[in-house]
Amino acid sequence: MKPMTQVPERRSVQSRDGAATSAPSPAHARALRRPTSQQWAAWAFLAPVTLYLGLFYAYPLYRNLDLSLRNYTVRSFVQGDAPFTGLANYRMIFDDPTFAPALLHTAVFTAVCLVFQYAIGLALAVFFNQNFRLSATLRALFLVPWLLPLIVSASTWSWMLNSDSGIVNATLHAVGIGPVNWLTSPSWSLTSVIIANIWIGVPFNLVVLYSGLQSIPTSLYEAAALDGANAWRRFWSITFPLLRPVSAITLLLGLVYTLKVFDIIWIMTKGGPADSSTTFATWSYQLGFGNLLPAFGPGAAVGNLLVVAALVFGLIYLKVQRKQALS
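As the structure is a computational prediction, the values presented were derived from the model and not from experiment. (Residues numbered from 1 in each chain as written. Predicted model: local features only at pLDDT ≥ 70, side-chain atom pairs only at ≥ 80, totals over all residues. Heavy atoms only, no water.)

Hey, could you run me through the environment of Pro273 in this one?
The topology assignment puts Pro273 in the loop between helix H14 (263-268) and helix H15 (280-289). Residue class for Pro273 comes out partly exposed when judged on its relative accessible area of 24%. Once the C-alpha coordinates of Pro273 and Leu183 are considered, the two residues, 90 residues apart in sequence, prove to be 8.0 Å apart. With residues near it in sequence (within four places) discarded, Pro273 still touches Leu183, Thr184, Ser185, Pro186 and Ser189. (Helix = DSSP H or I, 4+ residues; strand = E, 2+ residues; numbered from the N terminus. Buried < 20%, exposed > 50% of the residue type's maximum accessible area, 1.4 Å probe, protein only. Contact = heavy atoms within 4.5 Å.)

Structure, rendered in structure tokens:
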């Protein structure tokens, strides 16, 4: 005799047309809802990422928001009994005379760096896309500024732009131009850190945009050349439009990176002289750690303004991408 197998209990359910159908029992339905081994494996792979994001992103953001809403001192920071002050820290930084110059410097620093980094990176990407001899070697050399630690790059630029012994002033003197106080003059300090940051950021734009150029079919350029289009026309009609998605993510990442640039400015000018190169990033550090009596709350508030700015531009990018996908 064949062994009897247990069949799940099923109930007879009457459908709308009056016919009787068989439905699973509640116990069987619960068994169907039970996670499978593949679902458990998916949760197991997702858990480390979730834990990492929670510990190193969500929790620091929460702590920074809490700092900006309380009156923290060194004692209360250790003991954790800082009084709640609401938006008082934000009102304090808005009323601070440093706010307007820092906002202007942050906007100018970010905009100028983005424009020149993207323009130079795109020009180099198009140049290296020709695949001439030594192209790979030269591309590797252009990556050196990106691979160097920021403290090394900033220190090198500080030496080059030194008013007395810098190589830049020595070159200007050789061609009959007087010395320029690059790092100690309020008129030139912001320009100096912008030049250094452009030099550091160009390789990133070069790598990303060059990868985007590799995905454009060469047949399009060949067809355009047969139609009589010159190199400039091929760039504006083929390269630039097809590179738009890559350009958008390049500019977004460059924007987020440039907003939070601190190392270069602090090492080269410390935000001076007379706050002439102070940005939100350096101002936040000065408030929180640059004084004998640190102002943790206002410093965190300035940092949150940078987070909000990056979030706003990120949302704008997502909205634009969604419109382009629908169209």
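Would you mind showing me how to read the packing of helix H2 (residues 37-68) against helix H16 (residues 296-326) here?
The description of two helices packed together rests on the angle between their axes and the distance between the axes. Remark: H2 packs on H16, axes separated minimally by 7 Å, with the N-to-C direction vectors making an angle of 130°. When the interaxial angle is binned, H2 and H16 end up oblique. Once H2 is placed against H16, the crossing between them reads as left-handed. Between H2 and H16, the residues in contact are Leu61, Asn64, Leu65, Leu67 and Ser68 and Phe296, Gly297, Ala300, Ala301, Gly303, Asn304 and Val307, respectively. Grouping the constituent residues of the contact of H2 with H16 by class yields seven nonpolar, five polar and no charged. (Axes fitted to C-alpha atoms, helices over the stretch in contact; angles between N-to-C directions. Parallel < 35°, antiparallel > 145°, perpendicular 65-115°, else oblique. Left-handed = near helix turned anticlockwise from the far one by under 90°. Nonpolar A, V, L, I, M, F, W, Y, C, P; charged D, E, K, R; others polar.)

Help me understand the packing of aromatic side chains in this model?
Any pair of aromatic rings gets described here by the distance separating the centres and the angle formed by the planes. Across all of its chains, the model carries 22 aromatic pairs by this definition. Taken together, a centroid distance of 5.9 Å and an interplanar angle of 65° make the contact between Tyr52 and Tyr57 edge-to-face. With a relative accessible area of 47%, Tyr57 lands in the partly exposed category. Following the ring pairs from residue to residue traces out a cluster consisting of Phe262, Trp266, Tyr285, Phe289 and Phe296. (Phe/Tyr/Trp six-rings, centres within 6.5 Å; stacked < 30°, edge-to-face > 60°.)

Could you clarify how one ought to interpret the pattern of salt bridges in this entry?
Where charged atoms from two side chains of opposite charge come close, those side chains can pair. Going through the model one piece at a time under the given rule, you end up with two salt bridges. Where Arg63 meets Asp66, a salt bridge forms, and the shortest distance between an N and an O atom there is 3.3 Å. Placement of both Arg63 and Asp66 in helix H2 is noted, with a separation of three residues, approximately one turn of the helix. For the salt bridge of Arg70 with Asp66, the shortest nitrogen-to-oxygen distance reads 2.8 Å. Given the relative accessible area of 13%, Asp66 is considered buried. (Salt bridge = Lys/Arg side-chain N within 4 Å of Asp/Glu carboxyl O.)

What exactly am I supposed to notice about the nonpolar core here?
Across soluble globular proteins, nonpolar side chains have a tendency to be buried as a group. Phe109 and Met268 are the most contacted members of the largest nonpolar core, which totals 35 residues. Looking at this core, the elements that each hand over two or more residues are helix H5 (99-128), helix H8 (150-160), helix H10 (189-214), helix H11 (218-226), helix H12 (231-242) and H14. For this core, the element with the highest residue contribution is H10, accounting for eleven residues. Met268 has contacts with Ala154, Trp157, Ser158, Leu161, Leu183, Ser192, Val193 and Ala196, leaving out every residue within four places of it along the chain. (Core = buried A, V, L, I, M, F, W, Y, C linked by side-chain atoms within 4.5 Å.)

Explain unusual backbone geometry here, please?
Note on backbone geometry: most residues besides glycine have negative phi, and most peptide bonds are trans. In this chain, Gly272 is followed by Pro273 through a cis amide linkage whose omega measures -5°. In this structure, Lys270 is a non-glycine residue whose phi angle is positive, near 55°. Along the chain, Lys270 falls in the loop between H14 and H15.

Can you help me understand H12 in this one?
For H12, which comprises twelve residues, the first-to-last C-alpha distance of 15 Å matches the rise-based estimate of 16 Å (1.5 Å per residue) to within 8%. Every buried residue belonging to H12 is among Phe235, Ile238 and Thr239, and all of these are buried. Projected onto a plane normal to the axis of H12, the buried residues spread over an arc of 125° and lie on a single side. If you follow the buried residues of H12, they end up packed against H5, H10 and H11. (Expected span 1.5 Å × (residues − 1). Arc of directions from axis to C-beta.)

Before we go on, may I ask you to explain the side chain of Thr106 in this structure?
With respect to the helices and strands, the residue Thr106 is situated in helix H5. Among the residues examined, Thr106 registers a relative accessible area of 5% and is labelled buried. If sequence neighbours within four positions are ignored, Thr106 has contacts with Leu259, Thr279 and Phe280.

Got a minute to help me understand the packing of H11 against H12 in this structure?
Between H11 and H12, the shortest axis-to-axis distance is 10 Å and the interhelical angle comes to 160°. Regarding the angle of H11 to H12, the classification is roughly antiparallel. In terms of crossing hand, the pair formed by H11 and H12 is right-handed. Along the contact surface, H11 presents Leu220, Tyr221, Ala224 and Ala225, while H12 presents Arg234, Ile238, Thr239 and Leu242. Classifying every residue of the contact of H11 with H12 gives six nonpolar, one polar and one charged.

Please clarify how the environment of Asp81 should be interpreted in this entry.
Examined against the element boundaries, Asp81 turns out to sit in the loop between helix H3 (74-79) and helix H4 (88-95). For the pair formed by Asp81 and Arg70, sequence separation is eleven residues and the distance between their alpha carbons is 9.4 Å. With residues near it in sequence (within four places) discarded, Asp81 still touches Arg75 and Ser76.

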